[in-house]
Amino acid sequence: MKKDVIVTVRGLQDYEDADADSIELTTHGVLYEKESAIYITYKEADESGLGDTKTTVKVEEGRVSIIRFGESATHLIFEEGKKHIAYYDMGFGSLSMGVQTYSLSHSMGEHGGKINIRYAMEINNSLAGENQISITVRSAH
């Protein structure tokens, strides 16, 4: 059963040669379960810089995927202690990104919960920075 939810995404990016940057987005979304995974879908706000993009967060035991469809298409996979390669479609070309997950925890269930991820991002095999993302999901009613 699909449930209307409020999704809050907080991100902190700590770049090698620049000041740390943070972003927070609160939006409406949908939460549902399918084949032993929990899915959260929402549209990115214009302020996020991702344009017309729909985001799906897939939560499984020990693994979280963030899949973006639209102007800024990508598929990021987070598994603690593992590195995954992703490609970020920027409309005029794509970048190769390495995602090394340092820590991953979640308390996500059928009524919402929280996801915390700490990871390093490499772009074209060069360290771009260390990041943290926190996603909180609660009932809209």
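Residues numbered from 1 in each chain as written. Predicted model: local features only at pLDDT ≥ 70, side-chain atom pairs only at ≥ 80, totals over all residues. Heavy atoms only, no water.

Student: Explanation requested: the side chain of N131 in the structure shown.
Tutor: Relative to the helices and strands, N131 resides in strand β10 (residues 126-139). The buried category is assigned to N131, whose relative accessible area is 7%. Residues within four places of N131 in sequence aside, it is in contact with L12, Q13, D14, I117, R118, Y119 and M121. (Helix = DSSP H or I, 4+ residues; strand = E, 2+ residues; numbered from the N terminus. Buried < 20%, exposed > 50% of the residue type's maximum accessible area, 1.4 Å probe, protein only. Contact = heavy atoms within 4.5 Å.)

Student: Explanation requested: the environment of A140 in the structure shown.
Tutor: Summarising the element assignment, A140 is placed in the segment after β10. The class of A140 is partly exposed, set by a relative accessible area of 30%. Taking the C-alpha atoms as reference points, A140 and I6, separated by 134 residues in sequence, lie 5.4 Å from one another. Those residues in contact with A140 that lie beyond four places of it in its chain are D4, V5 and I6.

Student: Any chance you could explain the nonpolar core here in plain terms?
Tutor: A general feature of soluble globular proteins is that nonpolar side chains tend to end up buried together. The biggest cluster of nonpolar side chains holds 27 residues, and the ones touching the most others in it are I40, V57, I115 and I135. Per-element tally for this core: the top contributor is strand β9 (residues 113-123), with 4 residues. The contact partners of I115, leaving out residues within four places of it in the chain, are I40, V57, V59, V64, L104, S105, H106, M108, I133, S134 and I135. (Core = buried A, V, L, I, M, F, W, Y, C linked by side-chain atoms within 4.5 Å.)

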